[in-house]
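Inside the fold
One letter stands for each residue in the lines below.
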Amino acid sequence: MLKPTWTVFVLLAVTLLSGAIFACASSGDDDDDAAASDDDLVVDDDDDDTTDDDTSDDDTDDDDTTDDDTTDDDTADDDTADDDTADDDTTDDDLDLDLPDGVDGLFDEDDLKAFLDAGGTINDGDSPPTIDGSYALDDLKITVDPDGNEGNPVLGFAIIFANQSGDEIDVDQGPLPPSKIGHTTQLAGYIAGADDCFSVFTKSPESYKSCDYDFSMIFSGCVVTDGLGDFEWLAEYKNKTGTPGDCAELPGKGEVRITVEDDGLAEEIILNTK
């Protein structure tokens with residue numbers, strides 16, 4: 001756990017209700033919405049045949065024909081529903097990102113889809129650029145927030161990437177110069193990407209009241225001359241445990257937050273260690 005935590009460096013322009021970076025409490029429950037079941041198709045049962053006169057027999061024949069047609073229509077509807085279900089399944093399988101094996105311990109496919117659907121960037125691939133260094137996040141602004149905090153600024157800090165090797169990398173944070181950086185604890189992470197663009201995946205264990213959770217994060221950007229361009233910070237509260245009422249005050253699964261470096265550049269800097 002970071003000491004101080006990520007929270008220390010994030011102050012929204014609204015009241016914060018949680019101890020995490022984007023700590024804006026959700027009024028909704030964390031439980032996933034229950035999936036609504038499809039209404040059963042109702043097929044009219046054939047009426048009991050009567051033994052009346054010929055006219056009644058003719059009517060019965062007409063009714064049988066009508067019932068057959070209705071049954072055929074219902075069958076067609078069933079086929080259509082089956083086709084729709086197949087299409088949905090195909091869509092679920094379409095998310096094909098080339099990410100390190102360890103990422104699935106941080107985010108499942110639904111999490112990643114929620115980020116992408118919200119407009120976030122996830123750069124995949126097994127040949128990311130080298131990004132070891134310290135970068136100034138001094139113009140942060142929230143662009144996606146389930147509690148309606150879009151447009152609010154976030155107090156700047158320095159993001160530190162270190163010890164990049166293969167698909168592993170450490171993530172840290174500190175104050176912007178001229179403030180002196182103190183002792184911190186690095187977070188283990190994974191890096192993916194190709195050419196000049198990358199995404200780093202990590203998590204920070206945090207707590208709010210009597211609720212423990214993982215503040216799971218993705219940092220995305222591209223290496224440019226003076227630092228990191230198009231920098232995005234994606235975040236989600238995950239693995240909440242503790243008092244249900246306290247945990248319910250935090251945003252739930254799929255309620256993602258996106259913060260960007262609004263001036264387009266996370267400039268590479270040298271931290272003050274003296």
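Structure's up top.
Residues numbered from 1 in each chain as written. Predicted model: local features only at pLDDT ≥ 70, side-chain atom pairs only at ≥ 80, totals over all residues. Heavy atoms only, no water.

Focus on the environment of T225
Counted only if it meets this: Strands here mean DSSP runs of E at least two residues long; helices mean DSSP runs of H or I at least four residues long; both are numbered from the N terminus.
Inspection of the secondary structure puts T225 in the loop between β8 (211–224) and β9 (227–242). The sequence separation of T225 and E268 amounts to 43 residues, and the corresponding C-alpha distance is 9.3 Å.

A closer look at the state of the cysteines
Cut-off, in case you're wondering: Any two cysteine sulfur atoms lying within 2.5 Å of each other are counted as a disulfide. Each residue gets one of three labels from its accessible area relative to the maximum for its type: buried under 20%, exposed over 50%, partly exposed in between, using a 1.4 Å probe on protein chains only.
Counted under the stated rule, the structure contains two disulfides. Across the disulfide, C197 is cross-linked to C222 (sulfur-sulfur distance 1.9 Å). Residues C197 and C222 are joined through a disulfide that is right-handed, its torsion about the S-S bond being 95°. Note that C197 is positioned in strand β7 (residues 197–208) and C222 in strand β8, a separation of 25 residues in sequence. You can call C197 partly exposed: its relative accessible area is 22%.

Overview of the nonpolar core
The following threshold applies: By nonpolar core is meant a set of buried Ala, Val, Leu, Ile, Met, Phe, Trp, Tyr and Cys residues that side-chain atoms within 4.5 Å join together. Any two residues whose heavy atoms approach within 4.5 Å are treated as being in contact.
With 29 residues, the main nonpolar core has I131, I159, F161, V200, F219, L228 and F231 as its most contacted residues. Within the residue set of this core, elements represented by two or more residues are β1 (133–137), β2 (140–144), β4 (157–165), β5 (168–174), β6 (187–194), β7, β8 and β9. Residue contacts for I131: discarding those within four places in its chain leaves F161, Q164, I169, I191, F198, V200, V223 and L228. Core analysis: the next-biggest nonpolar cluster, separate from the first, contains 16 residues, L99, V103, I122 and I218 among them.

Some points on the pattern of salt bridges
Heads up, the rule is: Counted as salt bridges are all cases of a side-chain nitrogen of Lys or Arg within 4 Å of a carboxyl oxygen of Asp or Glu.
With the rule as written, the count across this model stands at eight salt bridges. Ionic pairing is found between K238 and D111, a salt bridge with its closest N-O pair at 2.7 Å. Here K238, found in strand β9, pairs with D111, found in helix α2 (residues 109–117); they are 127 residues apart in sequence, far enough to count as distant. Across the pair, exposure class does not vary: K238 and D111 are buried alike. Residue D147 pairs with R257 through a salt bridge whose shortest N-O separation is 2.8 Å. Taken together, the residues span a long stretch of sequence, with D147 in the loop between β2 and β3 (153–154) and R257 in strand β10 (residues 257–261) at a distance of 110 residues. Residue classification places R257 among the buried residues on the basis of a relative accessible area of 1%.

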